[in-house]
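Now for the letters of each chain:
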Amino acid sequence: MTNRETVRVLVPVGMLGGGFPPASVRRAAELGADVIAVDAGSTDSGPYYLGAAVAKTARAAVARDLRLILLAARDAGIPVIVGSCGTSGTDAGVDWVAAIAREIADTDQLSLVIARIYSEQDPGALLPLLEAGRIRPLPPAGELDAATLRGCSHIVGVLGHEPIAAALEAGANLVLAGRATDTALIAAVPLLRGLPGGPAWHGAKIAECGGLCTTDPRGAGVLVSFDSGGFTVEPLDPAAACTPMTAAAHMMYENRDPFRMREPAGTLDATGARYTAFDARTVRVEGSQFEPAGQYTVKLEGASPAGYQTTILVGIADPHVLAHVDEFRALVLDYLTAGVARDVGLPRGDFDLQLRAYGRNALLPAGAAAPAAPPAEIGFLFTATAANQETATQIAKYANPVLLHAPMPGATALPSYAFASSPAESERGQLYKFALCHAVDVDAPGQLFRTEFEEISR
């Protein structure tokens, strides 16, 4: 490596609240970090967290991680960036993390200038953009209509690096962003310092999940050092290594193309990237390019209500059932579907029943995996979904004796199976479904976002 201006970003963990060794962030000043960046959100666990605007992470775990990060940043005199606050990046999620930050500032006597970047969208404000043809689907989503837009309980826009950079320029030392690309948090400072987009976005992609790009994904995070010619990734755990393979492999993580990745401002092209072992623990990457887009776009994520659900989990070790799992499943579902319509008095279109056999094709399509021998036991998960919780639970109660005693054809004695709990029925409450996976053309990077500042002096 030749001498170049270098920007160092410390990424302590793949998700705030996931936990990391305290010593890894305490080294921030020693390593010369310019900023600590950490993601706090995901859509991995489904639409509920966006639909309900609640976090999937434990508050105590988030507070623990954020405290360690803020103390390390104070000692190093550097800012902190947190993105996709509260899991889904809703306004409530940003305020939730901000409240935790205030408590930490009060307890540890920290002075903070907090920038809260809100990314939640008003459906009414998006309607003119829809009518103007500026919102289009991203595969596999279909065309969007006004009713779907209005039916969302929460919608967020996925921001790029520009609002984050603007907040830092305005003096924030803690940026709490709504829904954001994971990479935007890491690329913001390198781009703000004038480094090229190719290394900035590529290095951000490799480092976005902390130690996941190293030989020990369970360990500490990474330090990624950017310069005008490329970037270098070094694990924070001395026992871990970042190799050309572990670094290059991360381009395939949550990315449809292992060489190209779209951001709001354009596309990273890593086709010509070269991954070189700089030493036994560190990888150097050069040759990445960034193609600016002709039109700046913002991804929209939205979730809408999808009924209420009640579940029953039953374990079965009956050899006769285990030898005919698919037949048993079909028999029970057919019986219950007809019975609910007949005895409970619900039209068939007003409820949904499912029975998944965990231990045989619960995740795979029916018939995809046929084991040579029957399993020793199977867990059947029954779900009843309806327009309200009371109805879903009444359906589950109707199903209770069937799930406990349903015999196979030809059985001469009534079997008994094993419920996982008493009562057997567990109410799951309101369900949500993803309703938006669309891109909107905007006139400026910050058009859909709002930033508010507050200062805490100690």
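Here the structure is shown first, and the text comes after it.
The numbers attached to residues start from 1 for each chain and follow its sequence in the written order. Only residues with pLDDT of at least 70 get local features here, since the model is predicted, and only at 80 or more are side-chain atom pairs given and counted; chain-wide, interface and lining totals rely on the full set of residues. Side-chain calculation: all heavy atoms of the structure are included, whereas hydrogens and water are not.

K.L.:
Can you lay out the packing of aromatic side chains for me, pointing to particular residues and giving the numbers?
P.N.:
Note on aromatic pairs: each is described by the distance of the centres and the angle between the planes. By convention, a stacked pair of Phe, Tyr or Trp rings (six-membered ring in the case of Trp) has centres within 6.5 Å and planes under 30 degrees apart, an edge-to-face pair has planes over 60 apart, and any other such pair is tilted. Applying the stated criterion to the full structure yields six aromatic pairs. Ring geometry for Tyr48 versus Tyr49: centroids 5.4 Å apart, planes at 85 degrees, classification edge-to-face. Here Tyr48 falls in the partly exposed class, since its relative accessible area comes to 38%. Relative to Tyr417, the ring of Phe328 lies with its centre 6.0 Å away and its plane at 90 degrees, an arrangement referred to as edge-to-face. Here the residue Phe328 occupies a position in helix H13 (residues 325-344), and Tyr417 occupies one in the loop between helix H14 (389-405) and strand S18 (418-419), the gap between them amounting to 89 residues. Categorising residues by exposure relies on relative accessible area from a 1.4 Å probe, with only protein chains included: less than 20% of the type maximum marks a residue as buried, more than 50% marks it as exposed, and the intermediate range marks it as partly exposed. A run of H or I in DSSP becomes a helix once it reaches four residues, and a run of E becomes a strand once it reaches two; helices and strands are each numbered from the N terminus.

K.L.:
A description of the side chain of Thr393 should follow, citing residues and the corresponding values.
P.N.:
Residue position: Thr393 is located in helix H14. Contacts of Thr393, omitting those with residues within four sequence positions, involve Thr310 and Glu427. We call two residues in contact when some of their heavy atoms are within 4.5 Å.

K.L.:
Provide a residue-level description of helix H5 (residues 91-108), including the pertinent values.
P.N.:
Compared with the 26 Å implied by 1.5 Å per residue over 18 residues, the 26 Å span of H5 between its first and last C-alpha is a close match. Those residues of H5 not exposed but buried are Gly93, Val94, Val97, Ala98, Ile100, Ala101, Ile104, Ala105 and Asp108. Taken down its axis, H5 places every buried residue within 160 degrees of arc, on the same side. Turning to H5, the residues buried within the fold contact helix H4 (59-76), strand S3 (80-87), strand S4 (112-118), strand S7 (174-177) and strand S20 (450-456). One or two residues past the end of H5 sits Gln109, with phi positive at roughly 55 degrees. Expected helix span is computed as 1.5 Å times (number of residues minus one). The arc in question is formed by the directions pointing from the helix axis toward the C-beta atoms.

K.L.:
Give a detailed account of the sheet that holds S4, specifying residues and quantitative values.
P.N.:
The ten strands lie next to each other as S12-S13-S9-S8-S1-S2-S3-S7-S4-S20, forming an open sheet whose pairing is mixed. Only two strands of the sheet have a single neighbouring strand rather than two, namely strand S12 (274-277) and S20. Sheet twist, expressed as the mean angle between neighbouring strand axes with direction ignored, is 20 degrees. Relative to strand S13 (residues 283-286), strand S9 (residues 230-235) is paired through four bridges, and the arrangement is antiparallel. Following DSSP output, two strands are said to pair if at least two bridges run between them. To obtain an axis, a line is fitted to C-alpha atoms, over the contacting stretch when the element is a helix, and the angle between two such axes runs from 0 to 180 degrees between their N-to-C directions.

K.L.:
Explain H4 residue by residue, including any values.
P.N.:
Given 3.6 residues per turn, any residue in an α-helix points the same way as the ones three and four places further on. Between the first and last C-alpha of H4 there are 26 Å, a value that for 18 residues agrees with the 26 Å anticipated at 1.5 Å per step. Along H4, the positions that sit buried rather than exposed are Val62, Asp65, Leu66, Leu68, Ile69, Leu70, Leu71, Ala72 and Ala73. Against the buried residues of H4 lie helix H1 (22-26), strand S2 (35-41), S3, H5, S4 and S7. A positive backbone phi angle near 70 degrees is found at Gly77, which sits one or two residues after H4.

K.L.:
So, the sheet that holds strand S11 (residues 266-269): which residues are in play, and what are the values?
P.N.:
On the basis of which strands lie adjacent, the open sheet formed by three strands has the order S10-S11-S14 and antiparallel pairing. Either end of the sheet is taken by a strand with one partner, and the two such strands are strand S10 (260-263) and strand S14 (289-292). For this sheet the average axis-to-axis angle between neighbouring strands, irrespective of direction, equals 20 degrees. Sheet analysis places S10 next to S11, joined by four bridges and oriented antiparallel. What sits directly across from Met261, in S11, is Leu268.

K.L.:
Got a sec to walk through the packing of helix H8 (residues 162-169) against helix H9 (residues 182-192)? Specific residues and values, please.
P.N.:
Angle between the axes and distance between the axes: these two values describe a pair of packed helices. Where H8 contacts H9, the axes come no closer than 9 Å and their chain directions differ by 55 degrees. Taken as axis vectors, H8 and H9 run oblique relative to one another. Crossing handedness for the pair H8 and H9: right-handed. Residue-level contacts link Ile164, Ala165, Leu168 and Glu169 of H8 to Ala184, Leu185, Ala188, Val189 and Leu192 of H9. Residues are grouped as follows: nonpolar covers Ala, Val, Leu, Ile, Met, Phe, Trp, Tyr, Cys and Pro; charged covers Asp, Glu, Lys and Arg; every other residue, Gly included, is treated as polar. Partitioning the contact of H8 with H9 into residue classes produces eight nonpolar, no polar and one charged. Here is the rule for angles: anything less than 35 degrees is roughly parallel, anything more than 145 is roughly antiparallel, 65 through 115 is roughly perpendicular, and the remaining ranges are oblique. By definition, any crossing whose near helix is turned counterclockwise from its far helix by less than a right angle is left-handed, and any crossing with a clockwise turn is right-handed.

K.L.:
An account of the pattern of salt bridges is requested, with residue identities and associated values reported.
P.N.:
Here, a salt bridge means any Lys or Arg side-chain nitrogen found within 4 Å of an Asp or Glu carboxyl oxygen. Overall, the coordinates contain 26 salt bridges when judged by the stated rule. A salt bridge links Asp65 to Arg64; its shortest N-O distance comes to 2.9 Å. Arg64 gets classed as partly exposed once you look at its relative accessible area, which sits at 34%. Here Glu425 and Lys397 are joined by a salt bridge, their closest N and O atoms 3.9 Å apart. In this pair, Glu425 is assigned in the loop between S18 and strand S19 (426-441) and Lys397 in helix H14, connecting sequence segments 28 residues apart. The class of Glu425 is buried, set by a relative accessible area of 15%. With a relative accessible area of 45%, Lys397 lands in the partly exposed category. Linked by salt bridges that have partners in common, Asp95, Arg102, Arg116, Glu452 and Glu454 make up one network.

K.L.:
An account of the packing of H4 against H5 is requested, with residue identities and associated values reported.
P.N.:
Taken N-terminus to C-terminus, the directions of H4 and H5 make an angle of 55 degrees; their axes are 10 Å apart at the nearest point. Here H4 is positioned oblique relative to H5, judged by the angle of their axes. In terms of crossing hand, the pair formed by H4 and H5 is right-handed. Residues Arg59, Val62, Ala63, Leu66, Arg67, Leu70, Leu71 and Arg74 of H4 pack against Trp96, Val97, Ala99, Ile100, Ala101, Glu103, Ile104 and Asp108 of H5.

K.L.:
So, the nonpolar core: which residues are in play, and what are the values?
P.N.:
Residue types Ala, Val, Leu, Ile, Met, Phe, Trp, Tyr and Cys, when buried and joined through side-chain atoms within 4.5 Å, form a set referred to as a nonpolar core. Counting 63 residues, the largest nonpolar core has Val9, Ile81, Ile164, Val175 and Ile186 as its most contacted members. It is H9 that contributes the most residues to this core, seven residues altogether. Setting aside residues up to four positions removed in sequence, Val9 forms contacts with Val35, Ala37, Ile186, Pro190, Val222, Leu223, Val224 and Phe226. Core analysis: the next-biggest nonpolar cluster, separate from the first, contains 40 residues, Leu71, Ile78, Ile100 and Leu110 among them.

Purely geometric numbers; function is a separate question.
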